[in-house]
Amino acid sequence: IPVVRTYEFILPDYVEDRVSNAIDNINEFGNLTNNLFQLKFKAAGITLSRFVVNSTIGVAGLWDPAGIWGLKRQAEDFGRTLGHYGVGNGSYIVLPVMGPSNIRDTTGLIADTAAFSLAGPAALVDNTVITAAFSGTSAVDKRHRVPFRYHQTGSPFEYELLRMLYTMKSDYDIAN
């Protein structure tokens, strides 16, 4: 949270939005591959269209004209792909910086990260410093987008509440 607060203090909201859009555009690689793994060809086509439009008209993804034109983001990750094929949640865990997760989604995160590094945009750039900077910025931006902060509910059962909500959302995302 101190890193996220520093990020929010240093960057104006407008710049934060451009950073988020650029990260989303680069991460379309993972959305595309996982849509294909789940045999969601229409979603894969939308994802590819979003990437092309946002990379060109959206100036390297800094803006999201594809979203304005009705091409909604088809967010998928390998955790959802595993869930699509029936892999169970596993134990609930809270990852540093990244927040709530479970064993399946953490495994998916590791697989997505490896795919991104070995076959995705990071492999094309082939520069460890740039890849590390992107990964760090992406992690901070992801946590920045989650408005919830621990201990704000005041409930002594906050952990159980978060575990239940995370599991329900994960199940919902896989079903849709």
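The structure we're discussing is the one just above.
Report on the accompanying structure. (Residues numbered from 1 in each chain as written. Predicted model: local features only at pLDDT ≥ 70, side-chain atom pairs only at ≥ 80, totals over all residues. Heavy atoms only, no water.)

Following the criterion strictly, the structure yields four aromatic pairs and no others. Between Tyr92 and Tyr159, the aromatic rings sit 5.4 Å apart at their centres with planes inclined by 75°, giving edge-to-face as the arrangement. In this pair, Tyr92 sits in strand β1 (residues 92-95) while Tyr159 sits in helix α10 (residues 158-175), placing the two residues 67 residues apart along the sequence. Of the aromatic side chains, those joined through ring pairs into one cluster are Tyr92, Tyr159 and Tyr166. The ring of Tyr14 has Arg18 sitting right over it, with the charged end atom 4.5 Å from the ring centre. (Phe/Tyr/Trp six-rings, centres within 6.5 Å; stacked < 30°, edge-to-face > 60°. Helix = DSSP H or I, 4+ residues; strand = E, 2+ residues; numbered from the N terminus. Lys NZ or Arg CZ within 6 Å of the ring centre and 35° of its normal.)

Here the focus is the pattern of salt bridges. Scanning the entire structure with this criterion turns up nine salt bridges. The residue Asp24 makes a salt bridge to Arg73 at a minimum N-O spacing of 3.8 Å. With Asp24 in helix α2 (residues 13-26) and Arg73 in the loop between α5 (65-68) and α6 (78-84), this pair connects stretches of sequence that are 49 residues apart. Here Arg73 falls in the partly exposed class, since its relative accessible area comes to 34%. Residue Arg80 pairs with Asp173 through a salt bridge whose shortest N-O separation is 3.1 Å. Placement of Arg80 in helix α6 and of Asp173 in helix α10 is noted, with a sequence separation of 93 residues between them. There is no split in this pair, since Arg80 and Asp173 are both buried. Here the salt bridges share partners, and the residues they tie into one network are Asp24, Arg73, Asp141 and Arg145. (Salt bridge = Lys/Arg side-chain N within 4 Å of Asp/Glu carboxyl O. Buried < 20%, exposed > 50% of the residue type's maximum accessible area, 1.4 Å probe, protein only.)

Shape is all these values report; function is a separate question.
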